[in-house]
Structures are given as C-alpha cells and as structure tokens.
Amino acid sequence: MSENVIFCYSGTGNCLDMAKNIARYLGDTDIIMMRSAPVKTDVRDAKRVGFIFPCHGGGAPVDVLDYAKTIQVSPDSYTFGVSQSASYPGTGLAELDKIIPLDYWRTVTHQCSCIWLFPHTMMVPPMNAEQAQARSEKLAQLIGAEVCAKTLTAKKPPKNPLNAAENAAWPVIVKKKAAGFAVSDACVGCGQCVRLCPRGNIRLENGRAVIGTNCIQCLGCLQYCPTSAISLGSVTDKREHYHNVHVSAADLMETLIHID
Ligand SMILES: Cc1cc2nc3c(=O)[nH]c(=O)nc-3n(C[C@H](O)[C@H](O)[C@H](O)COP(=O)(O)O)c2cc1C
Ligand code: SF4
Ligand code: SF4
C-alpha cells in the first residue's frame, strides 16, 4: 500500500490533472479512479486519504458518494477533499464529509465542462483555458503543501441550500438531458466513447456510436470524441469543445495510477 491514496472522479480531466499534481507533490501516491467502482476500497493502511471530484448540478456526481460508502479508511488517517467547479462549489464536500469526515478541504474553480449550459471559459473568475490551467497547477502546489503538513480546516465544507435543491433535482434533469444526445455522420466508429463511458451507456451499431439514457453526464464522450461527432442539444456543436490539456481519454480509462 502506498503512503497516500487519492480517490478521483473526473469527466474531462480537470480533477485527474489536479490529483496527479497533488500526488507529485506528496510522492508515493495511488490515485484510484472512481469513474466506475474503485478497484481498491480498503485503504486503512494509508497515512493520507484524499478525494478529488467535480461539482455536477450543485453537488458531487452521485457515483462518488455511492462509492465513498464502500471505502474503509482508518480513523488515524488524515483525510482531505478537493472539489472543482466552474463557479460555485456545491454541496459535494459536505455530503462526503457525512460519509468520511474530512480533516481538510478546498474548492477550486476551472474551465466549465458542461458546454450544453455554458461555454468552457464561463468560470469564476473569468479565464481562458491556459490561464485556468496555470492557476490550477499553482493551487495544486499549495494544496499539496497543506496536505503534506496535515493542515486542518476549521470550518465544515459549504452547504448552500440552493445548491442542495439543485442537486436534489439533478437526476431528473440528467435523464431528460441525456435523451438529447445525437451522433452525426462524422462518427468513424473508433469505439473510444464506448470504452470511456463509465456507465456502459454507449454501443456501436453498424459502425456508429449509439448513446442511451443511463448517463451520469461526465461529458467525456462528447468532449474527447476525435471527430466531434457527438452533440447534446443544439448548442454544443457551436461551442468550442474542452478537455484538460494534460489528460487524454486513455488516462481517464485507467483504474489505478501510481505516482512515485
Ligand atoms: C453535467 C455537469 C454539471 C456541472 N454542474 C456544475 C455546477 O453545478 N456548478 C459549477 O460551478 N460547475 C459545474 N460543472 C462544471 C465542472 O464542475 C467543472 O468544469 C470541473 O472542473 C470539471 O471537472 P472534470 O474535468 O474533472 O470533470 C458541471 C459540469 C458538468 C459536466
Ligand atoms: S468517439 Fe466519436 S468517432 Fe469514436 S465511436 Fe464515439 S462518436 Fe464515433
Ligand atoms: S454517455 Fe457520455 S456523458 Fe453520459 S456517462 Fe457515458 S461518457 Fe459520460
């Protein structure tokens, strides 16, 4: 078992990039992905256990909280959480804190992956992708140093009632939205989206991707498609696609990444 473990959920790479940068600071870290059921859940030997995930619809992606319930952490381990969002942090860390009490937490803003709602540059404070990435890398150093020093956060994570209401309605919104996926003639049947989907929601039929409604809205399929063949509603074709510059679709498909 590595000295440090970070459980990470990431749809378009921002959170995996943050997890890797923090892990590089800490050294000897296993990053265990939570896009699907984590390959390791008993981490009672780890000295530091972290969670890094995005805000989706005012809270954590539902799978993050479900998987967190299966994870065993020693009461002696130092625990930390980082939530990334485009603008507001949501209730994800507060919900996680109920399952696994957090010694330390931080929220970080980055580019918006939800381009059916906003262009990717719509973040708070406003920044282009290069500026946001540079800021994220700087913050990863700061968080790495604080986690290394086992810093404690005095306050509980934020729990805004408006975000909680949005998050309660989110599963219905997601189901409706997922019915709007379309795949164009640009699809070359490469199968990347099929392999990438954490919900097994995409299949190939006659050499073209077909997307169902068992979707958690990670948006990886749409943002990483090499031919931009996937759209969600009328607006995503008009907007620049975005994924983190340092994270490939193959990186997201890893289940455990060790950083020395
Ligand atoms: C479906 C969906 C819903 C989102 N909801 C919110 C939200 O409620 N508030 C917010 O500030 N950002 C929201 N975002 C933006 C992401 O939290 C942000 O882009 C994050 O950096 C993405 O991390 P990732 O690249 O690791 O997936 C949402 C993104 C997606 C795809
Ligand atoms: S990733 Fe794009 S091109 Fe490849 S199968 Fe999926 S939709 Fe088609
Ligand atoms: S269908 Fe696309 S957006 Fe939905 S869970 Fe699968 S990869 Fe993510």
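Calculation criteria
Residues numbered from 1 in each chain as written. Chains lettered and ligands numbered in written order. Predicted model: local features only at pLDDT ≥ 70, side-chain atom pairs only at ≥ 80, totals over all residues. Helix = DSSP H or I, 4+ residues; strand = E, 2+ residues; numbered from the N terminus. Rg over C-alpha atoms; globule rule 2.2 N^0.38 Å. Contact = placed C-beta atoms within 7 Å. Domains from an automatic or database assignment. Nonpolar A, V, L, I, M, F, W, Y, C, P; charged D, E, K, R; others polar. Buried ≥ 20, exposed ≤ 12 C-beta atoms within 10 Å, placed from the backbone. Pairing = 2+ DSSP bridges. Axes fitted to C-alpha atoms, helices over the stretch in contact; angles between N-to-C directions. Near = placed C-beta within 6 Å. Expected span 1.5 Å × (residues − 1). Bend = angle between axes of the 7 residues up to and from the residue. Core = buried A, V, L, I, M, F, W, Y, C linked by C-beta atoms within 7 Å. Right-handed = clockwise from strand over helix to strand, strands pointing away.

Peer 1: Would you mind showing me how to read the overall build of the protein chain here?
Peer 2: Scanning the protein chain from terminus to terminus reveals eight helices and 10 strands. Whereas a compact globule of 260 residues would reach a radius of gyration of roughly 18 Å, the protein chain reaches 18 Å, a difference of no more than 12%. Structurally, the protein chain occupies a C-alpha span of about 55 × 35 × 35 Å along its principal axes. Partitioning the contacts of the protein chain with sequence separation of at least 6, the portion at a separation of at least 24 is 75%.

Peer 1: Would you explain the domain arrangement of the protein chain in this entry?
Peer 2: Accessible area lost upon the coming together of the parts is a frequently used measure of interface size. With domains assigned, the protein chain is organised as domain 1 (4-162 + 246-259) and domain 2 (171-232). Between the C-alpha centres of domain 1 and domain 2 the distance comes to 24 Å. With 15 residues of domain 1 at the contact, the number on the domain 2 side is 15 residues. Within the residue set of the side of domain 1 that touches domain 2, elements represented by two or more residues are α2 (62-68) and α8 (249-253). Its residues placed into classes, the side of domain 1 that touches domain 2 shows seven nonpolar, six polar and two charged.

Peer 1: Looking at this structure, how should I read unusual backbone geometry?
Peer 2: Negative phi values dominate among residues other than glycine, just as trans dominates among peptide bonds. Residues V124 and P125 are joined by a peptide bond in cis, for which omega reads -5°. Within the secondary structure, P125 is located in the loop between β5 (104-109) and α4 (129-148). Of note, the phi angle at D28 is positive, near 35°, even though the residue is not glycine. For D28, the location among the structural elements is in the loop between α1 (14-26) and β2 (29-33). Assessed through the 15 C-beta atoms surrounding it within 10 Å, D28 is described here as partly exposed. Not every positive phi belongs to a glycine, and K150 is a case in point at roughly 55°. Looking at K150, the number of C-beta atoms within 10 Å reads 12, which means it is exposed.

Peer 1: What am I meant to see in the sheet that holds strand β3 (residues 48-54) here?
Peer 2: Adjacent strands of a sheet form backbone hydrogen bonds with each other and so pair up, either parallel or antiparallel. Strand order in this open sheet of six strands is β5-β4-β3-β1-β2-β10, and the pairing throughout is mixed. Taken across any chain shown, the strands that pair with only one partner, and hence form the sheet edges, are β5 and β10 (256-259). The sheet shows a mean angle of 15° between the axes of neighbouring strands, taken without regard to direction. Examined bridge by bridge, strand β1 (residues 4-8) and β3 share five bridges and lie parallel to one another. Bridging from a neighbouring strand, C8 pairs with I52 of β3.

Peer 1: Help me out: how do you make sense of the site of ligand 3 in this one?
Peer 2: The environment of ligand 3 is made up of 14 residues, and the closest members are C197, N201, C215, C218 and C221. Considered class by class, the residues forming the shell around ligand 3 number 10 nonpolar, three polar and one charged.

Peer 1: Quick question: what am I supposed to make of helix α5 (residues 161-178) here?
Peer 2: Working note: α-helix, 3.6 residues per turn, so residues spaced by three or four point in the same direction. For α5, which comprises 18 residues, the first-to-last C-alpha distance of 26 Å matches the rise-based estimate of 26 Å (1.5 Å per residue) to within 8%. The largest bend along α5 reaches roughly 45° and is located at W170, with the proline P171 sitting one to four residues downstream.

Peer 1: How do you make sense of the nonpolar core when you look at a structure like this?
Peer 2: Nonpolar side chains in soluble globular proteins tend to end up buried together. By size, the foremost hydrophobic cluster in this structure holds 67 residues, and its most contacted members are I6, C8, A19, I22, I52 and C221. Counting residues per element, this core draws most heavily on α1, which supplies seven residues.

Peer 1: Teacher, can you tell me more about the environment of R199 here?
Peer 2: For R199, the location among the structural elements is in the loop between α6 (192-196) and β7 (202-205). Given 16 C-beta atoms within a 10 Å radius, R199 is considered partly exposed. Residues R199 and Y67, 132 residues apart in the sequence, show an inter-C-alpha distance of 14 Å. Sequence-distant contacts of R199, that is, excluding residues within four places in its chain, are made with N214, C215 and I216.

Peer 1: Honestly, the pairing of β1 in this entry has me stumped. Any pointers?
Peer 2: In the case of a regular strand, side chains alternate between the two sheet surfaces. With five of five residues buried, β1 lies mostly within the body of the structure. Judged from the five bridges that link them, β1 and β2 form a sheet pairing that is parallel. When the bridges of β2 are listed, C8 appears paired with M33. As a crossover connection, the stretch from β1 through α1 into β2 is right-handed.

Peer 1: What's the story with α1 in this structure? I'm lost.
Peer 2: Over its 13 residues, α1 runs 19 Å from end to end, which matches the ideal 18 Å to within 8%, given 1.5 Å per residue. The element α1 is largely enclosed, with a buried count of 10 among its 13 residues. Those residues of α1 that fall on the buried side of the exposure criterion are N14, C15, L16, D17, M18, A19, K20, I22, A23 and L26. G27, located one to two residues past α1, shows a positive phi value of around 75°.

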